[in-house]
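# Close look at the chain arrangement
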Amino acid sequence: MTAKNNHPELIEKLAEGIGNLTFSEEWQHYLDFQSRFHRYSFGNALLIAAQCDEATQVAGFNAWRKMNRFVRKGEKAIWILTPMVYKNADAEEGDPECIVRGFKFVPVFDVAQTDGEELPTICNRLDGDDPAGHYATLLTVADSIGFSVEDYEFNGSTNGDCTHSEHRIRVETRNTPAQRVKTLAHEIAHALLHEKFDSRALAELEAESTAYVACQALGIDSSDYTFGYVATWAGGGDQAIAAIKASCQRIQKTAATILRAFEPAEQAEEAA
């Protein structure tokens with residue numbers, strides 16, 4: 001392995017894998033499920049984050065029951081605003097049939113506050129160990145760019161996060177060693193690329209694609225997780241493939257930076 005090899009074939013493999021996934025029945029099933037969740041306004045998104053900053057999927061008590069999941073006893077509700085809609089009794093031709101007369105607070109709950117049937121997913125956490133000690137090497141990469149790495153137990157489905165203001169990366173400690181390697185590579189990519197960004201979706205696409213290239217080069221196949229993750233953020237199909245190809249130089253360069261730590265010292269000096 002050399003830093004000069006940017007693994008362009010892995011970018012093509014990633015695009016092909018996402019294309020295949022997003023035309024599958026599994027993808028359609030996932031989209032059907034996601035369509036049952038409400039799309040929350042910016043104001044309600046802020047309310048949710050202020051009350052439960054680790055929330056990932058929220059729904060009302062009865063909505064969860066319809067999906068065969070049940071809010072655990074004693075869980076604290078997350079309160080959001082919903083409009084009070086009434087029939088417009090004074091409507092004339094051309095007027096709206098319904099009008100909004102204020103707002104009221106209603107309770108919702110995050111998926112982490114529920115138990116029941118497993119939810120459809122297209123991101124399957126990786127199985128396997130880390131016999132070559134790749135995680136330890138990635139710790140040196142994080143340290144070299146001034147980021148500390150902490151083990152952490154997240155609520156819900158979060159596997160890791162990266163906070164530039166604190167120069168800190170956190171990685172879910174309960175995941176398998178292989179998943180932790182992939183997650184740390186993803187968060188290092190965020191550390192290198194995304195102190196500032198305009199699009200969260202593009203940032204996630206770049207970080208996960210970088211992790212995929214790095215992991216594949218190290219002999220860890222992350223496709224079961226990466227294809228679904230990138231497609232979820234980027235929209236899938238042609239849209240995701242176009243975004244990957246538009247960012248391929250950033251992805252390849254960042255992956256090469258990470259992989260340089262895995263080269264023999266003399267090779268790394270030549271590539272520098």
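Here goes a summary of the coordinates provided. (Residues numbered from 1 in each chain as written. Predicted model: local features only at pLDDT ≥ 70, side-chain atom pairs only at ≥ 80, totals over all residues. Heavy atoms only, no water.)

## Some remarks on the sheet that holds strand β4 (residues 98-110)
The strand order β1-β4-β3 describes an open sheet built from three strands, whose pairing is antiparallel. Each of the sheet's edge strands pairs with one partner strand only, and the pair in question is β1 (58-59) and β3 (78-87). Where β1 and β4 come together, two bridges link them in antiparallel fashion. Among the inter-strand pairings, A59 is bridged to a residue of β4, identified as F109. Sheet contacts for helix α3 (residues 42-51): β1, β3 and β4; angle to β3, the most-contacted strand, approximately 150°. (Pairing = 2+ DSSP bridges. Helix = DSSP H or I, 4+ residues; strand = E, 2+ residues; numbered from the N terminus. Contact = heavy atoms within 4.5 Å. Axes fitted to C-alpha atoms, helices over the stretch in contact; angles between N-to-C directions.)

## Some thoughts on the sheet that holds strand β6 (residues 148-152)
On the basis of which strands lie adjacent, the open sheet formed by three strands has the order β6-β8-β7 and mixed pairing. Two strands in the sheet have a free side with no partner beyond their single neighbour: β6 and β7 (160-163). Across the sheet, the mean angle separating the axes of adjacent strands is 20° when strand polarity is ignored. Bridging between β6 and strand β8 (residues 168-172) involves five bridges; their strand directions are parallel. In the sheet register, V149 faces β8, and the bridge partner there is I169. Of the strands in this sheet, β6, β7 and β8 touch helix α6 (residues 177-193), which is tilted by about 160° from β8.

## Observations regarding the layout of surface pockets
A water-sized probe rolled over the atoms picks out the places where empty space is left. By volume, the second largest pocket is sized at about 290 Å³. Residue lining of the second largest pocket: 16 residues in total, with Y40, I80, L81, T82 and V106 positioned closest to the centre. For the lining of the second largest pocket, the secondary-structure elements that each account for two or more residues are α3, β3 and β4. Of the residues belonging to the lining of the second largest pocket, the class tally is ten nonpolar, six polar and no charged. (1 Å grid on protein atoms, 1.4 Å probe; cavity = no way out; pocket = protein on both sides within 12 Å on 5 of 7 lines; lining within 4 Å. Points joined across faces, edges and corners; volume = space filled by probe spheres on them. Nonpolar A, V, L, I, M, F, W, Y, C, P; charged D, E, K, R; others polar.)

## Examining the packing of helix α1 (residues 8-21) against helix α7 (residues 200-217)
It is the contact of α1 with α7, at a shortest axis distance of 10 Å, that shows an interaxial angle of 120°. The orientation of α1 with respect to α7, classified from their angle, is oblique. For α1 against α7, the interelement crossing comes out right-handed. Here L10, I11, K13 and L14 of α1 lie close against α7, whose contacting residues are S209, Y212, V213, Q216 and A217. (Parallel < 35°, antiparallel > 145°, perpendicular 65-115°, else oblique. Left-handed = near helix turned anticlockwise from the far one by under 90°.)

## So, the packing of helix α5 (residues 134-144) against α6
Remark: α5 packs on α6, axes separated minimally by 9 Å, with the N-to-C direction vectors making an angle of 15°. What the angle tells us is that α5 and α6 run roughly parallel. Where α5 crosses over α6, the two elements pack in a sense that is left-handed. Residues H134, Y135, L138, L139, V141 and A142 of α5 form the contact with α6, whose participating residues are R180, V181, L184, A185 and I188. Residue classes in the contact of α5 with α6 are distributed as nine nonpolar, one polar and one charged.

## What about the side chain of D110?
The residue D110 is located in strand β4 in this model. With no salt bridge to any partner, buried D110 finds its closest opposite charge in R72, at an N-O distance of 8.1 Å. Leaving out residues up to four positions away in the same chain, D110 has contacts with E54, A55, T56, Q57, V58, W64 and I78. (Buried < 20%, exposed > 50% of the residue type's maximum accessible area, 1.4 Å probe, protein only. Lys, Arg positive; Asp, Glu negative; His and termini not counted. Salt bridge = Lys/Arg side-chain N within 4 Å of Asp/Glu carboxyl O.)

## A short note on the pattern of salt bridges
If you walk through the whole model with that rule in mind, you get ten salt bridges. Across the salt bridge formed by R72 and E75, the nearest N and O atoms sit 3.1 Å from each other. Since its relative accessible area comes to 29%, R72 is described here as partly exposed. Here E166 makes a salt bridge to R168, at a shortest N to O gap of 2.8 Å. With relative accessibility at 14%, the residue R168 sits in the buried group. Residues participating in the shared-partner salt-bridge network are R72, E75 and D115.

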